[in-house]
Amino acid sequence: MKQSSGFDERPLALARWLFLVAALVVLIVAIGGITRLTESGLSITEWKPVTGTIPPLDEAQWQAEFEAYKQIPQYTQVNGPAGMTLGDYKFIYYWEWAHRLIARVIGMAFALPLAWYWLRGAIPPGYKPRLLALLALGGMQGALGWWMVSSGLTPDAADRVRHFRLAAHLMVALITLAGLVWTALDLKAHARGEGRSRLTGLGALALAALGVQLLFGAFVAGMRAGYVASDWPLMQGKLFPDGIDWSNGLVHALTNDPFLVHFVHRWWAWGVVAVLVVLARRVRRRGNRPASIAVHAMFGTQVLLGIATVMTGISFWLAVSHQLVGALLVAATAWCVHALGRR
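Per chain, residues are indexed from 1 in the order of the written sequence. Predicted model: local features are reported for residues with pLDDT of at least 70 only, side-chain atom pairs are reported and counted for 80 or more only, and whole-chain, interface and lining totals are derived from all residues. Where side-chain values are given, they derive from all heavy atoms of the structure, hydrogens and water being excluded.

Description of the overall build of the chain
Along its length, the chain carries eleven helices and zero strands. By definition, any uninterrupted DSSP run of H or I lasting at least four residues is a helix, any uninterrupted run of E lasting at least two residues is a strand, and each is numbered from the N terminus. Reading the chain from its N terminus to its C terminus gives the helix and strand order α-α-α-α-α-α-α-α-α-α-α. Taken over C-alpha atoms, the radius of gyration is set against a globule rule of 2.2 Å times the number of residues to the power 0.38. Its C-alpha atoms give the chain a radius of gyration of 22 Å, within 12% of the compact-globule value 20 Å for 343 residues. For the chain, the spread of C-alpha atoms along the principal axes amounts to about 65 × 55 × 35 Å. Each residue's exposure class comes from its accessible area (1.4 Å probe, protein chains only) as a fraction of the maximum for that residue type: buried when under 20%, exposed when over 50%, partly exposed otherwise. Every one of the 343 residues in the chain was classed for burial, and the buried ones make up 49%. In the chain, the share of contacts with a sequence separation of at least 24, taken over all contacts with a separation of at least 6, comes to 77%. By the convention used here, residues are in contact when the closest approach between their heavy atoms is within 4.5 Å.

As for unusual backbone geometry
Going from Trp232 to Pro233, the amide bond is cis rather than trans, its omega being 10°. Mapping Pro233 onto the fold places it in the loop between helix 7 (201-223) and helix 8 (250-256). Although it is not a glycine, Arg224 adopts a positive phi angle of roughly 55°. One non-glycine residue, Gln236, lies in positive phi territory at about 55°. Relative to the assigned elements, Gln236 resides in the loop between helix 7 and helix 8. Relative accessible area serves as the criterion here: at 42%, Gln236 is assigned to the partly exposed category.

A closer look at the side chain of His163
Here His163 is to be found in helix 6 (residues 163-191). The class for His163 is buried, based on a relative accessible area of 12%. One polar contact links the side chain of His163 to the main-chain carbonyl oxygen of Thr255, over a distance of 2.7 Å. Not counting chain neighbours up to four residues away, the residues in contact with His163 comprise Phe219, Gly222, Met223, Thr255 and Asn256. Two N or O atoms count as a polar contact when they lie within 3.5 Å, although within protein this holds only if one can serve as hydrogen donor and the other as acceptor, and sequence-adjacent residues are included solely when both atoms are side-chain atoms.

Some points on a nonpolar patch on the surface
A surface patch of nonpolar side chains, amounting to about 680 Å² of accessible area, comprises Leu234, Leu239, Phe240, Trp246, Leu250, Trp267 and Trp270. As for its placement among the helices and strands, Trp270 is situated in helix 9 (residues 258-285). Only residues whose relative accessible area exceeds 30% and that form no salt bridge enter a patch; like-charged residues are grouped when within 9 Å of one another, and nonpolar side chains (Val, Leu, Ile, Met, Phe, Trp, Tyr) when within 5 Å. Computed by Shrake-Rupley with a 1.4 Å probe, the accessible areas treat only the displayed protein chains as cover when residues are assessed. We define a salt bridge as a contact between a side-chain nitrogen of Lys or Arg and a carboxyl oxygen of Asp or Glu at a distance within 4 Å.

A closer look at the pattern of salt bridges
As enumerated under the stated definition, the model contains eight salt bridges in all. Its salt-bridge partner being Arg224, residue Glu39 comes within 2.9 Å of it at the nearest N-O pair. Pair noted here: Glu39 is in the loop between helix 1 (11-37) and helix 2 (59-69) and Arg224 is in the loop between helix 7 and helix 8, with a separation of 185 residues, a long-range link. Glu39 sits in the partly exposed class, given a relative accessible area of 28%. Between Glu46 and Lys48 there is a salt bridge, with the nearest N and O atoms lying 3.4 Å from each other. Residue class for Glu46 comes out partly exposed when judged on its relative accessible area of 45%. Look at Lys48 and you get partly exposed, because its relative accessible area is 34%. Taken together, the salt bridges that share partners define one network made up of Arg192, Glu194 and Arg342.

Some points on the packing of helix 9 against helix 10 (residues 289-311)
Fitted lines through C-alpha atoms give the axes, limited to the stretch in contact for helices. The angle between two N-to-C directions lies from 0 to 180 degrees. The N-to-C vectors of helix 9 and helix 10 enclose an angle of 165°; their axes lie 9 Å apart at closest approach. It follows from the interaxial angle that helix 9 and helix 10 lie roughly antiparallel. Here the hand of the crossing between helix 9 and helix 10 comes out left-handed. On helix 10, the residues that touch His262, Arg266, Trp270, Val273, Leu276, Val277, Ala280, Arg281, Val283 and Arg284 of helix 9 are Arg289, Ala291, Ser292, Val295, His296, Phe299, Val303 and Val310. Note that Gly is not counted as nonpolar here; it falls among the polar residues with everything else outside the nonpolar set of Ala, Val, Leu, Ile, Met, Phe, Trp, Tyr, Cys and Pro and the charged set of Asp, Glu, Lys and Arg. Residue composition of the contact of helix 9 with helix 10, by class: eleven nonpolar, three polar and four charged. Any angle from 65 to 115 degrees is called roughly perpendicular, while one under 35 is roughly parallel, one over 145 is roughly antiparallel, and all others are oblique. Throughout, a crossing is termed right-handed when the near helix is turned clockwise from the far one, and left-handed when it is turned anticlockwise from it by less than a right angle.

Quick look at the confidence of the model for the chain
The quantity called pLDDT is the predictor's confidence in a given residue, expressed from 0 to 100. For the chain, the average pLDDT comes to 92, and 97% of its residues sit at 70 or higher. Under a pLDDT of 50 for its full length, residues 1-6 has, in the predicted model, seven contacts with residues more than four places off or in other chains.

What to know about the packing of aromatic side chains
Ring geometry is summarised as follows: Phe, Tyr and Trp rings, the Trp one being its six-membered ring, pair when their centres sit within 6.5 Å, and such pairs are stacked at plane angles under 30 degrees, edge-to-face over 60 and tilted between the two. Summed over all chains, the structure comprises 17 aromatic pairs. Taken together, a centroid distance of 5.2 Å and an interplanar angle of 35° make the contact between Tyr69 and Tyr89 tilted. On the criterion of sequence distance, the pair formed by Tyr69 in helix 2 and Tyr89 in helix 4 (residues 86-119) is long-range, its members being 20 residues apart. Look at Tyr69 and you get buried, because its relative accessible area is 0%. Residue Tyr89 is classed as buried on the basis of its relative accessible area of 0%. Lys70 extends its terminal NZ or CZ atom over the ring of Phe66, reaching a point 4.6 Å from the ring centre. Over the ring of Tyr127 we find Arg196; its NZ or CZ atom is 4.5 Å from the centre of that ring. Charge-over-ring placement is defined geometrically: NZ (Lys) or CZ (Arg) within 6 Å of the ring centre, and within 35 degrees of the ring normal.

Laid out in structure tokens, this is it:
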């Protein structure tokens, strides 16, 4: 419906905006990997959505932040005994501050244009509920981030956040990323006068298989399970690793034992590759060669990075790249699944 201002539906502008937000989500996933690997996530012990945008500005403020950090288990059990200085603390503080700042930027980059397009009548019919759902996912992501951090701040906590909460935080980010890409592609199709894409059986299988792999990857990260073996394809010289604690049953071991979680993450990957190969070839036969190439390139790179990360004893930049390409693989898979379901 046209507005008096002369604005009308602007699906291509909306699509470009959503692709930009998706790129920011990919960036924050990579920064999140850095904060995890540098153990920076617990360096800021309070959640200040507004005033937290400004880091400490003088020595007294830095000392106050450092004193608050000294009260949590990560300092008392690990960094304190290791002789952490204020300079060391500033290093991890700035990574976590950057992570939270980018999260705020993403929120603004989504909410403000959404309000503008909404008021101008530029959103095509049927897309408002989906855009509101994406906005809600973004808000949930921020809440989950603090819920995750808070699990490492209590006196009875270990020196890290709970791996279930880390997994929830990462998975919501990746679901949001897939939703952004899918909606942007639908809007591009709308601009061409085509209908929205539907989720096919093969597409659902590919997303589910990849989702399981990403979930176990988050468990590996949260439990530091990548360190239990540095050989490949064997683990500690064996195909199936020793040391798995079965005392609480299979489900508990699958979600809490670092040896078994690492093993599943390694080998489930090949099932995901098989499904993605079928998906990409099906999409290529339907005429979308770029989407097929993107999926092949991303899962190939991701597998190689995963192997290299393990065999180097969790090399910092390889591990960060592994998380970054994981997010790109989600975007490429969403593209392929969308292409498969186009009417």
